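# Descriptive analysis of the structure
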Amino acid sequence: MKIFHFRSIIIALFLFLEQGLYAQIIDFSKASIVTSVSLQPTFKEKMISVLQEELAMKTGLKLGTNPLEKFPLFLLATQDSREVHGYSLPEFTSDDHVSTKKEGFRLLHQHIAGRDLLWFIGADQRGLLFAIGEFLRSADLSKQKILFDKKYEKCSSPMYAIRGHQIGYRNTANSWDAWDVKQFERYFRELAFFGTNAIENIPFQDGAASPHMKINREEMHIHMSRLCQAYDLDYWVWTPADVDLADPKKFQEELKSHVEFYKNCPRLDGVFFPGGDPGENHPKYVLPFLKAVALELKKYHPKAGVWLSLQGFSDEEVNYFYDYLEQNKPDWFTGIVTGPSSPDLASTRFRLDKKYQHRHYPDITHTVRCQYPTENWDQAFALTEGREVTNPQPAYYAKIHNRFAPFTDGFISYSDGVHDDVNKVVWSQMAWNPEKEVRQVMVEYARYFFGNSVAEAAADGILALERNWVGPVEENGGIETTFAFWQNLEKSHPELKGNWRWQQLVMRAYYDTFIKRRKMYEQGLEKDANLILSQASILGTEKAMALALEKLNQADLKPNSPELRQKVVDYCEALFQSIGLQTSVPKYKASGAERGAILDFIDYPLNNRWWLHDEFEKIRKMPQESAKLERLQILASWENPGPGSYYDNISDQLKGPRVKTKTEDATDVAWWDNGLSRRRLSTQLFQNFPQLEYTDLDPKGSYSIRISGQGEALLRVDGERVRPVLYNKGVEEFKEFPLNPKFVSDGKIAISFDEPEESHLNWRLHSKVFDIWLLKK
């Protein structure tokens, strides 16, 4: 009896606690919206319509503004309001004062006289907008239901003042050049729900019209300014000068174009002038121009600021700029923007007078040949998915933000499409609260865009997609697991089929898996082909080449996983229809091969069949059979030089185990022939000055080093310069360095390279190392 009685108490206690837990969830399905009389009328109406439209879209419920007695209320106010609909604003607690800071808010529940109240209280107008965003990200919104868990009450304000994204309405964009005003409004609104407070447009550069544009650029620029005004978001413009400002006539013409634009903008808060990329003007011409710009700007937008980046400036130009600031201390100048090819963020902040602000300009849109390249990315992805593929990397970009943000007043990112949508949200949320867990950001992203029922699973799926890109695909078993996970989500949630964010994520799961399977299949075919070539002395050179090519071409004749490829094609079509995403130049009129044209490279060879085909043509022209056999032996043993010898592909994680360096600017992934290079795959990966370490060498062995590269190779072994016996400088031509036996007497060596003087050359022409062999004789 006693045991039974004890169990009854435990069960009763559990039920009590469970009921108490559920009692924290408040039903606002029958709520009405009421507002403070102190809200600015136009903004008040906008916030009411935002809340009504969002809830109607997600639940089918149409909330009114004429409340019925005892039914729940949504109360919208700013902190200077005294009351709303007869209810006094909640008193502050000791933890609430953070919400009084600029753009802060309180989102809190009260139960008064049998009525549930949910307060949206902004420190200012923007704070009210961000309170609404917080609610929409945390509430359980489903068909005919609006549920709010009291645990999501919040008092908050942003850590960093500037939290924006560049959304330039121009031809080079891979998606929003196809948008109308309503689509831009929805995107601006959605970004604001995650803490974004600034939008940066590109009004002057890239003058060619996109074939997808529904509205001409001049009109859309004004529409974008109006949208920012309606939502109280800062409107910035990115305004490079491609003209020679040393020419007085061009100076005045450029200034005139600025003035005309400023006159027509309903709102303008910031003018960002990049010193370079593009532009080649010396600051002695740039600074007078910006001063003239500032004087004209203030006539129409008194609070607007003028900003400059030092991108592409030489040391002399950087020093000139800082000397100018020190000597003149101009009040018309607002601050520095640090972007790609700028002096680093830390040194800029330390050198910049505290009078001036500092903004980060991070590239969150590109994966290679960019400011923050994807780390440990397999070459197969770089060659096919390319520079502007759907690239959710929440953990990576949160890390980058939090590393550099302390040196800044915030950021406005560089973006050229919706493929980086997850990254935009991550940057905005990290700038609001750098301590927020990345997974929670993804849960809120998925809850708002996909619904509460799938939020947790979709968040984990996004994080899994990021892990797909870590390391060689051959060793990444998670790619297939992630694929199965997303396939299950795809089947379980057909209601999301038309959601463009969902389409992008599912497409990536298919694309990643297709590329992994295809790479492993095609690399296997190449191994078989190399085995055939190794028997050329028996088969004869012509037959060996024919059989090897036949084996390699099975990649095209009997392709791997064609059903996955078709799913990618289908999703790309769906994305073009839903959001205007241009994944092909010929099919969807993308502005360029590097601008998200992932369909144009989906079949790019992931073995060396193109290169071997071209090499065979060269070999056939050789007059001597012995020379043909010698070359075929080199090709067959390229990656397997024999017992006691070693091969390293300089930038391939799997095939370069002795390489100790890696590049951090992504110039090690080549872009030749508009992405359709027929070069050997290893040639398309390079470093300029790699370092390698070898162990377990034969102390009595005789070794030489062979290098495939381009230009110079100033080799050092154990710190000592080594002289070559063969020194060809052409692409894929060999250099050979015999080694003094003293180097290997201890069974190990370290090799490095000196940097040649090449400051007169474009970086694309700098010396490179592709492959290195340590050959034992």
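Let me sum up the structure you'll find in this document.

What counts as what
- Residues numbered from 1 in each chain as written.
- Predicted model: local features only at pLDDT ≥ 70, side-chain atom pairs only at ≥ 80, totals over all residues.
- Heavy atoms only, no water.
- Helix = DSSP H or I, 4+ residues; strand = E, 2+ residues; numbered from the N terminus.
- Rg over C-alpha atoms; globule rule 2.2 N^0.38 Å.
- Buried < 20%, exposed > 50% of the residue type's maximum accessible area, 1.4 Å probe, protein only.
- Contact = heavy atoms within 4.5 Å.
- Areas by Shrake-Rupley, 256 points an atom, 1.4 Å probe, with all protein chains shown as cover.
- Polar contact = N/O pair within 3.5 Å; in protein donor to acceptor, adjacent residues only side chain to side chain.
- Expected span 1.5 Å × (residues − 1).
- 1 Å grid on protein atoms, 1.4 Å probe; cavity = no way out; pocket = protein on both sides within 12 Å on 5 of 7 lines; lining within 4 Å.
- Points joined across faces, edges and corners; volume = space filled by probe spheres on them.
- Nonpolar A, V, L, I, M, F, W, Y, C, P; charged D, E, K, R; others polar.
- Pairing = 2+ DSSP bridges.
- Core = buried A, V, L, I, M, F, W, Y, C linked by side-chain atoms within 4.5 Å.
- Salt bridge = Lys/Arg side-chain N within 4 Å of Asp/Glu carboxyl O.
- Axes fitted to C-alpha atoms, helices over the stretch in contact; angles between N-to-C directions.
- Parallel < 35°, antiparallel > 145°, perpendicular 65-115°, else oblique.
- Left-handed = near helix turned anticlockwise from the far one by under 90°.

Here we take up the overall build of the protein chain. The helix and strand tally for the protein chain stands at 23 helices and 27 strands. The C-alpha radius of gyration of the protein chain comes to 31 Å, within 12% of the 28 Å expected for a compact globule of 777 residues. Taking the principal axes of its C-alpha atoms as reference, the protein chain extends roughly 100 × 90 × 50 Å. Here the protein chain holds 777 residues, and 58% of them are scored as buried. Here the contacts in the protein chain between residues at least 6 apart in sequence split such that 75% fall between residues at least 24 apart. Surface summary for the protein chain: the accessible area is close to 33300 Å², and the carbon and sulfur share equals 52%.

If you trace the backbone, glutamine 684 turns up in the loop between strand 19 (646–649) and strand 20 (692–694). Within the structure, glutamine 684 has its side chain in polar contact with the side chain of tyrosine 604 (distance 3.0 Å).

What follows covers helix 12 (residues 421–432). Across its twelve residues, helix 12 extends 17 Å between first and last C-alpha, which sits within 8% of the 16 Å expected from 1.5 Å per residue. Of all twelve residues in helix 12, twelve are buried, a share of seventy percent or more. Of the positions making up helix 12, those classed as buried are Asp421, Val422, Asn423, Lys424, Val425, Val426, Trp427, Ser428, Gln429, Met430, Ala431 and Trp432.

One pass over the structure, following the stated rule, counts eight cavities of 30 Å³ or more. Here the largest cavity defines a volume of roughly 120 Å³. If you trace the largest cavity, you find 16 residues lining it, with Gln379, Gln523, Asp652, Lys655 and Leu681 closest to the centre. Broken down by secondary-structure element, the contributors of at least two residues to the lining of the largest cavity are helix 10 (379–384) and helix 16 (500–533). In terms of residue class, the lining of the largest cavity is made up of four nonpolar, five polar and seven charged.

Below, the discussion takes up the sheet that holds strand 20. Spatially, the four strands line up as an open sheet ordered 20-26-22-23, and their pairing is antiparallel. Both outer strands of the open sheet, strand 20 and strand 23 (720–721), are each paired with one neighbouring strand and no more. Direction of pairing for strand 22 (residues 714–717) relative to strand 23: antiparallel, over a ladder of two bridges. Counted as the bridge partner of valine 717 is glutamate 720 from strand 23.

Turning our eyes to something else, we now look at the nonpolar core. General note: in soluble globular proteins, nonpolar side chains tend to be found buried as a group. Of all hydrophobic cores here, the largest spans 162 residues; its most connected members are Phe74, Leu76, Phe120, Phe135, Phe184 and Phe450. Of the residues forming this core, the biggest block, ten residues, is contributed by helix 16. Once you skip the residues sitting within four places of it in the chain, phenylalanine 135 turns out to touch Leu51, Leu55, Phe74, Leu107, Leu118, Phe120, Ile146 and Phe148. Ranked by size, the runner-up nonpolar core spans 22 residues in total, among them Tyr703, Phe737, Phe753 and Leu774.

On the basis of which strands lie adjacent, the open sheet formed by five strands has the order 19-27-21-25-24 and antiparallel pairing. Sheet topology places strand 19 and strand 24 (726–727) at the edges, where each strand pairs with a single neighbour. Bridging between strand 24 and strand 25 (residues 733–738) involves two bridges; their strand directions are antiparallel. Counterpart to tyrosine 727 in the pairing with strand 25 is lysine 735.

This brings us to helix 2 (residues 41–59). In this model, helix 2 (19 residues) spans 27 Å end to end at C-alpha, consistent with the 27 Å of a helix rising 1.5 Å per residue. By the N-cap criterion, in which a side-chain oxygen at the helix start approaches the backbone nitrogen of a residue two or three places on, helix 2 is capped by glutamine 40, the distance to threonine 42 being 3.2 Å. Looking at the residues trailing helix 2, positive phi occurs at glycine 60, about 85°.

Time to look at the pattern of salt bridges. Following the criterion strictly, the structure yields 57 salt bridges and no others. With a shortest N-O distance of 3.0 Å, lysine 46 and glutamate 185 are connected by a salt bridge. Note that lysine 46 is positioned in helix 2 and glutamate 185 in helix 4 (residues 181–193), a separation of 139 residues in sequence. For glutamate 54, the salt bridge goes to arginine 189, with nearest N and O atoms at 3.0 Å. Remark: arginine 189 occurs in helix 4 and glutamate 54 occurs in helix 2; sequence separation between them is 135 residues. Of the two residues, glutamate 54 and arginine 189, neither departs from the other in class, the shared state being buried. Overlapping salt bridges, with partners in common, bring together Glu53, Glu54, Arg186, Arg189, Glu190, Asp421 and Arg501 in one network.

Another point: unusual backbone geometry. Glycine aside, negative phi is the norm for most residues, and most peptide bonds take the trans geometry. The backbone of aspartate 673 shows a phi angle near 50°, a positive value even though the residue is not glycine. Mapping aspartate 673 onto the fold places it in the loop between strand 19 and strand 20. Judged by relative accessible area, aspartate 673 falls into the exposed class, the value being 58%. Even without glycine at this site, aspartate 718 takes up a positive phi of about 50°. Locating aspartate 718 in the fold gives a position in the loop between strand 22 and strand 23. Among the residues examined, aspartate 718 registers a relative accessible area of 41% and is labelled partly exposed.

Contact geometry for helix 14 (residues 455–468) and helix 16: axes closest at 11 Å, N-to-C directions at 40°. Compared by their axis directions, helix 14 and helix 16 come out oblique. Here the hand of the crossing between helix 14 and helix 16 comes out left-handed. Touching Ala458, Ile462, Leu465 and Asn468 of helix 14 are Trp502, Leu505, Arg508, Ala509 and Asp512, all from helix 16. Its residues placed into classes, the contact of helix 14 with helix 16 shows six nonpolar, one polar and two charged.

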